[in-house]
Amino acid sequence: MEVAVIKYNAGNVKSVLYAMERLGVNATLTDDWETIKKADKVIFPGQGEASTAMKYLRERKLDQLIKELDQPFFGICLGLQLLCDYSEEYDTECLGIFPINVKKFPPLNKVPHIGWNNLENLKTPLLEGLDESSYVYYVHSYYAEINPKYTIATTHYINDFSAMLHKDNYYAMQGHPEKSSVVGEKILNNFLKL
Amino acid sequence: MLTKRIIPCLDIKDGRTVKGVNFVELRDAGDPVELGKIYADEGADELVFLDITATVEKRKTLVELVTKVAKTVNIPFTVGGGISTIDDVKALLNAGADKISINSAAVKNPDAVNALAREFGSQCIVVAIDTKRIDGIDFVHTHGGRKPTLLKTQEWAKEITERGAGEILLTSMDHDGVKNGFANDITSELSSMLSIPVIASGGAGSMQHFHDVFTAGKADAALAASIFHFKEIPIPELKSFLDKKGVNIRRML
């Protein structure tokens, strides 16, 4: 199986590659159109800031490529936010796969939301073998709103938000499966089995 | 619900764990990678690796170690010890560290906190504060707690939060090594005052101490070293104790 991890200016991409290595899967970090197009699975990691990331993707026309792909695709953290319509982070127009807005947490508790939080309202094969006592690791200040059509798991911090999204071949997760112990490994394995 | 975090801390010298480790499962008691993996498997929520090497070769050894940890461990980890420049931080994050921790360097040059937060994002910048109470006033200390400064802990914590720190690792020098419990008063004061998480460190001696620091101390996370290394408190036992007492913690699958 060929797994392509999209190379752009996101931080800590190594963690995703190492997590794949631990699962015994060979993943390639690449921004090459052909390599990404013919990969069996595509992972779109992320950590950083939305507007800079979108600018980088547009300059390299990776935004178009992402919208054209038809194999299972997995956006992680900022990767999830960039797949939405719009992010409040520097007023950024995103990729628009999910008709959802990304908002900043109101300052009603500590922000960023850092640490382990559980998944609720789990749906789809991506979450097979997991239940509401499954915790994943989060580090983020912005969150995707809930859309009953596309939200396949929620998490509560300050308010309920989309922990995971799904539409056609596109899956996305706000937390970091690559840092979420055995729960994260299950999610990644489920994705690889899609 | 967001859980309280349990964080074992490993002191590293020349790429090896020091301060004594007493683990029967370990083939090699000094290997921080192996120890880190055991803690991760037992249910630790994060790890901290504190480099106390004092040689010029340290950076290379540390980056190699961070790479090995990142390949092996499936939970987040922070690296601290002698970090001061953007290049230091870049090398460690690129090797796979999730966060870095700075201490003396931030006191020496507070602008470094702004610069690091801008370059890498607040979420990966932990500022460590060593605090000691002198005549009823809390003062920041540097150089492993040996050097007093004129900075008041509360004011310094507020300042570095405004400068972009993502978390504070608060070590009470009065409590560290004594095993009489964490400094719940100042931990609670900082945690209530600040908009960022506070990790409490120094003084863990019993499971009840963790309960106290999460409730009375309002800590977001608690860090300890020797009580974990010497298996005085196994992590699974600690977590089930806290769970029974109603503290929200992450249970392993």
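Here goes a summary of the coordinates provided. Counting starts from 1 at the beginning of each chain's written sequence and moves along it residue by residue. For this description, chains carry letters from A and ligands carry numbers from 1, given in the order in which they are written. Totals for whole chains, interfaces and linings use all residues, but because this is a predicted model, local features are given only for residues with pLDDT of at least 70 and pairs of side-chain atoms are given and counted only at 80 or more. No hydrogens and no water enter the side-chain calculation; it runs on all heavy atoms of the structure.

1. Regarding the sheet that holds strand S1 (residues 3–6) of chain A
All names here are of chain A. Rules: Only strands that DSSP links by at least two bridges are regarded as paired with each other. Segments assigned H or I by DSSP are reported as helices when at least four residues long, segments assigned E as strands when at least two residues long, and all are numbered from the N terminus. Note on geometry: axes are C-alpha line fits, over the in-contact stretch for helices, and angles between N-to-C directions span 0 to 180 degrees. Whether two residues are in contact is decided by their heavy atoms: any pair within 4.5 Å suffices.
Ordered by their spatial adjacency, seven strands build an open sheet running S2-S1-S3-S4-S13-S12-S11, and the pairing between neighbours is mixed. The open sheet has two edge strands with one neighbour each: strand S2 (27–30) and strand S11 (151–157). Shown here is a sheet whose adjacent strand axes are inclined to one another by a mean of 25 degrees, direction ignored. For strand S3 (residues 41–44) and strand S4 (residues 73–76), the ladder comprises three bridges, and the chain directions are parallel. Bridge pairing in S4 links Ile-43 to Phe-74. This element, helix H1 (residues 14–22), spans S1, S2 and S3 of the sheet and lies at about 160 degrees to S2.

2. Comments concerning the interface of chain B and chain A
Applicable threshold: When two components associate, each loses some accessible surface as probed by a 1.4 Å sphere; the sum of these losses over both components is called the buried area. Salt bridges are defined by distance alone: a side-chain nitrogen of Lys or Arg within 4 Å of a carboxyl oxygen of Asp or Glu. Contacts described as polar in this section are N or O atom pairs within 3.5 Å, which, within protein, must combine one atom able to donate a hydrogen with one able to accept it, while residues neighboring in sequence count only if both atoms come from side chains. Residues are grouped as follows: Ala, Val, Leu, Ile, Met, Phe, Trp, Tyr, Cys and Pro are nonpolar; Asp, Glu, Lys and Arg are charged; all remaining types, including Gly, are polar.
Listed by partner, the interface residues are 38 residues for chain B and 31 residues for chain A. Here chain B and chain A share an interface that buries about 2,700 Å² over both sides, 53% of which is from carbon and sulfur atoms. Residue B:Asp98 pairs with A:Lys179 through a salt bridge whose shortest N-O separation is 2.8 Å. In this assembly, chain B and chain A are joined by 17 residue pairs in polar contact (both at pLDDT 80 or more). Broken down by secondary-structure element, the contributors of at least two residues to the side of chain B that touches chain A are helix H2 (58–72) and helix H3 (86–94) of chain B. Looking at the side of chain B that touches chain A, its residues break down into 17 nonpolar, 11 polar and 10 charged.

3. Let's talk about the nonpolar core
Stated formally: Among buried residues, those of type Ala, Val, Leu, Ile, Met, Phe, Trp, Tyr and Cys that are joined through side-chain atoms within 4.5 Å constitute a nonpolar core. Burial here depends on accessible area, computed with a 1.4 Å probe over protein chains only, as a share of the maximum for the residue type. Under 20% is buried, over 50% is exposed, and the range in between is partly exposed.
Counting 72 residues, the largest nonpolar core has B:Phe77, B:Ile100, B:Phe210, B:Phe214 and B:Phe228 as its most contacted members. With five residues, H2(B) is the single largest residue contributor to this core. Once residues within four sequence positions are removed from consideration, B:Phe77 is found in contact with A:Lys179, B:Leu47, B:Phe49, B:Val66, B:Val69, B:Ala70, B:Gly96, B:Ala97, B:Asp98 and B:Lys99. Grouped together as the second largest cluster of nonpolar side chains are 69 residues, A:Ala10, A:Tyr150, A:Tyr170 and A:Leu192 included.

4. A look at the side chain of B:Ser191
Relative to the elements of secondary structure, B:Ser191 occurs in helix H7 (residues 184–193). A polar contact of 2.7 Å, which involves the side chain of B:Ser191, links it to the side chain of A:Lys110. Reaching out from B:Ser191, the side chain makes a polar contact with the backbone oxygen of B:Lys218 at a distance of 2.7 Å.

5. Details of the packing of aromatic side chains
Test applied: Side-chain rings of Phe, Tyr and Trp, where Trp is taken by its six-membered ring, are said to pair if the distance between their centres is within 6.5 Å; with planes under 30 degrees apart they count as stacked, over 60 as edge-to-face, and otherwise as tilted. Cation placement over rings: the criterion is NZ of Lys or CZ of Arg within 6 Å of the ring centroid and within 35° of the ring normal.
The full count for this structure, using the stated rule, is 15 aromatic pairs over all chains. On the basis of an interplanar angle of 80 degrees and a centroid distance of 5.7 Å, the ring pair of A:Phe105 and A:Phe161 is categorised as edge-to-face. Within this pair, whereas A:Phe105 is found in the loop between strand S7 (98–104) and strand S8 (113–118), its partner A:Phe161 is found in strand S12 (residues 159–167), the two being separated by 56 residues in sequence. Each member of the pair, A:Phe105 as well as A:Phe161, is classed as buried. Following the ring pairs from residue to residue traces out a cluster consisting of A:Phe105, A:Tyr138, A:Tyr143, A:Tyr157 and A:Phe161. Over the ring of A:Trp116 we find B:Arg250; its NZ or CZ atom is 3.7 Å from the centre of that ring.

6. Section: the sheet that holds S7(A)
Residues and elements named next belong to chain A. Taken in spatial order, the four strands line up as S6-S5-S7-S10 in an open sheet, and their pairing is mixed. Whereas interior strands pair on both sides, the edge strands pair on one side only; in this sheet they are strand S6 (92–93) and strand S10 (142–144). The sheet contact formed by S7 and S10 spans three bridges and is antiparallel. Residue Lys-103 lies in a different strand from S10, and its bridge partner there is Tyr-143.

7. Considerations on unusual backbone geometry
With an omega of 5 degrees, the peptide bond between A:Val111 and A:Pro112 qualifies as cis. As for its position among the elements, A:Pro112 is in the loop between S7 and S8. Phi at A:Asp91 takes a positive value of approximately 50 degrees, unusual for a residue other than glycine. Within the fold, A:Asp91 resides in the loop between strand S5 (84–87) and S6. Not every positive phi belongs to a glycine, and B:Asp135 is a case in point at roughly 50 degrees. Structurally, B:Asp135 is set in the loop between strand S6 (125–134) and strand S7 (137–142).

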